[in-house]
Amino acid sequence: MRYVLAKKQTTRDKILQAAFELARKEGVEALSVRAIAKKCDCSTQPIYLSFKGIEEIKDEIYNMAMQYYYSSMLEEIEKHEYPEYKAMGTSYVRFAYTERELFKYVFMTKPRLKYGSVEASFEKSLEIIKRNLNISEADARKLHTIMWVFGHGIATMHVTDYLNFSMEQVSEMYSDVFAGIIKILGGANGNRN
């Protein structure tokens, strides 16, 4: 008698993709082994064979969401619709507008630092500011911190349905706040970035 081993048909990648889509549409709260199995059209066994549990899946989804955010930010910069720094800021808000559930998971929950953080984005922003403006490291940090808090406020108001601004309004507000901070800091550059 010859035995044929069953081939594993539900791969780790397929499970993660299904979990990512669930989190993207319904929020990370909707993630459960059963919900993912249903989305994959499989039993829970392949999920338990591939992952230690739902927290490991959530960690992976966090990582995937961060990577997705960074790629969307780079796309925004590459459009050259705005100066580089402004494009970074508006991409943050646009991500909240287009990916509400992922934004909430990545930017409105406790960071899962081992899988990535906003620190890389913060450092990239400082690099852009120092490259384009004649201001000190301390002023660059202050400028970016204020702009980030400002952008986060707009994004948070949107995802919580408190207020909704058009992207044109967001762009104008970013320019005005940026120019005001530069003026306060006494920057040598008066450009509306």
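**A few points about the overall build of the chain**
Right, on to step 1. Looking only at helices and strands, one finds 9 helices and 0 strands in the chain.
Right, on to step 2. Going from N to C terminus, the chain has its helices and strands arranged as α-α-α-α-α-α-α-α-α.
Right, on to step 3. The burial tally for the chain puts 46% of its 193 residues in the buried class.
Right, on to step 4. Partitioning the contacts of the chain with sequence separation of at least 6, the portion at a separation of at least 24 is 65%.
Right, on to step 5. Here the chain displays about 11,000 Å² of accessible surface, and carbon together with sulfur accounts for 53% of that area.

**Brief notes about the packing of aromatic side chains**
Right, on to step 1. Under the definition given, this model contains 12 aromatic pairs.
Right, on to step 2. Ring centres of Phe20 and Tyr68 lie 6.0 Å apart, and the angle between their planes is 85°; this geometry places the pair in the edge-to-face category. Of this pair, Phe20 sits in helix H1 (residues 12-26) while Tyr68 sits in helix H4 (residues 54-79), and the two are 48 residues apart along the sequence.
Right, on to step 3. Three or more aromatic residues joined by ring pairs form one cluster here, namely Phe20, Tyr68, Tyr69, Tyr70, Tyr92, Phe95, Phe103 and Phe107.

**Describing the packing of helix H5 (residues 84-98) against helix H7 (residues 119-132)**
Right, on to step 1. Orientation of H5 relative to H7, taken along the N-to-C sense of each, is 150°, at an axis distance of 9 Å. As far as their axial angle goes, H7 and H5 are roughly antiparallel. Where H5 abuts H7, its residues Glu84, Tyr85 and Met88 lie against Ser121, Lys124, Ser125, Ile128, Ile129, Arg131 and Asn132.
Right, on to step 2. Residue composition of the contact of H5 with H7, grouped by class: 4 nonpolar, 3 polar and 3 charged.

**Observations regarding the confidence of the model for the chain**
Right, on to step 1. Confidence along the chain averages 88 in pLDDT terms, with 89% of residues attaining 70 or more.
Right, on to step 2. When pLDDT is averaged over each element of the chain, H1 comes out on top at 97 and H7 at the bottom at 82.

**A closer look at the state of the cysteines**
Right, on to step 1. Counting across every chain of the model gives 0 disulfides.
Right, on to step 2. Free of any disulfide, Cys40 has its nearest cysteine sulfur in Cys42, 4.7 Å distant.
Right, on to step 3. We classify Cys40 as buried; its relative accessible area is 4%.

**Looking at the nonpolar core**
Right, on to step 1. Ranked by internal contacts, the top residues of the largest apolar core, which has 58 residues, are Leu31, Ile36, Ile47, Ile61, Phe103 and Leu143.
Right, on to step 2. Mapped by element, the contributors of at least two residues to this core are H1, helix H2 (33-40), H4, H5, helix H6 (100-107), H7, helix H8 (137-159) and helix H9 (167-185).
Right, on to step 3. Those residues in contact with Ile36 that lie beyond four places of it in its chain are Ile15, Ala19, Leu22, Leu31, Ile47, Ile54 and Ile57.

**Points about the side chain of Ser91**
Right, on to step 1. By the secondary structure assignment, Ser91 is in helix H5.
Right, on to step 2. In terms of polar contacts, Ser91 uses its side chain to reach the backbone carbonyl oxygen of Met88, at 2.7 Å.
Right, on to step 3. Non-local contacts of Ser91, meaning those with residues more than four positions away in its chain, are made with Tyr69, Ser72, Met73 and Glu76.

**A closer look at empty space enclosed by the protein**
Where empty space is left in the structure can be found by rolling a water-sized probe over the atoms.
Right, on to step 1. A complete count under the given rule lists 1 cavity of 30 Å³ or more for this structure.
Right, on to step 2. Space inside the largest cavity adds up to approximately 190 Å³.
Right, on to step 3. As for the largest cavity, its lining consists of 17 residues, and the residues nearest its centre are Met88, Ser121, Ser125, His144 and Trp148.
Right, on to step 4. For the lining of the largest cavity, the leading source of residues is H5, giving 5 residues.

**Concerning the pattern of salt bridges**
Right, on to step 1. Summed over the entire model, instances satisfying the criterion amount to 15 salt bridges.
Right, on to step 2. Across the salt bridge formed by Lys79 and Glu76, the nearest N and O atoms sit 3.5 Å from each other. Residue Lys79 and its partner Glu76 are located together in helix H4, separated by 3 residues, close to a single helical turn.
Right, on to step 3. What emerges from the salt-bridge pattern is a single network uniting Glu21, Arg24, Lys25 and Glu99.

What counts, and at which threshold
- Residues numbered from 1 in each chain as written.
- Predicted model: local features only at pLDDT ≥ 70, side-chain atom pairs only at ≥ 80, totals over all residues.
- Heavy atoms only, no water.
- Helix = DSSP H or I, 4+ residues; strand = E, 2+ residues; numbered from the N terminus.
- Buried < 20%, exposed > 50% of the residue type's maximum accessible area, 1.4 Å probe, protein only.
- Contact = heavy atoms within 4.5 Å.
- Areas by Shrake-Rupley, 256 points an atom, 1.4 Å probe, with all protein chains shown as cover.
- Phe/Tyr/Trp six-rings, centres within 6.5 Å; stacked < 30°, edge-to-face > 60°.
- Axes fitted to C-alpha atoms, helices over the stretch in contact; angles between N-to-C directions.
- Parallel < 35°, antiparallel > 145°, perpendicular 65-115°, else oblique.
- Nonpolar A, V, L, I, M, F, W, Y, C, P; charged D, E, K, R; others polar.
- pLDDT = per-residue confidence, 0-100.
- Disulfide = S-S within 2.5 Å.
- Core = buried A, V, L, I, M, F, W, Y, C linked by side-chain atoms within 4.5 Å.
- Polar contact = N/O pair within 3.5 Å; in protein donor to acceptor, adjacent residues only side chain to side chain.
- 1 Å grid on protein atoms, 1.4 Å probe; cavity = no way out; pocket = protein on both sides within 12 Å on 5 of 7 lines; lining within 4 Å.
- Points joined across faces, edges and corners; volume = space filled by probe spheres on them.
- Salt bridge = Lys/Arg side-chain N within 4 Å of Asp/Glu carboxyl O.

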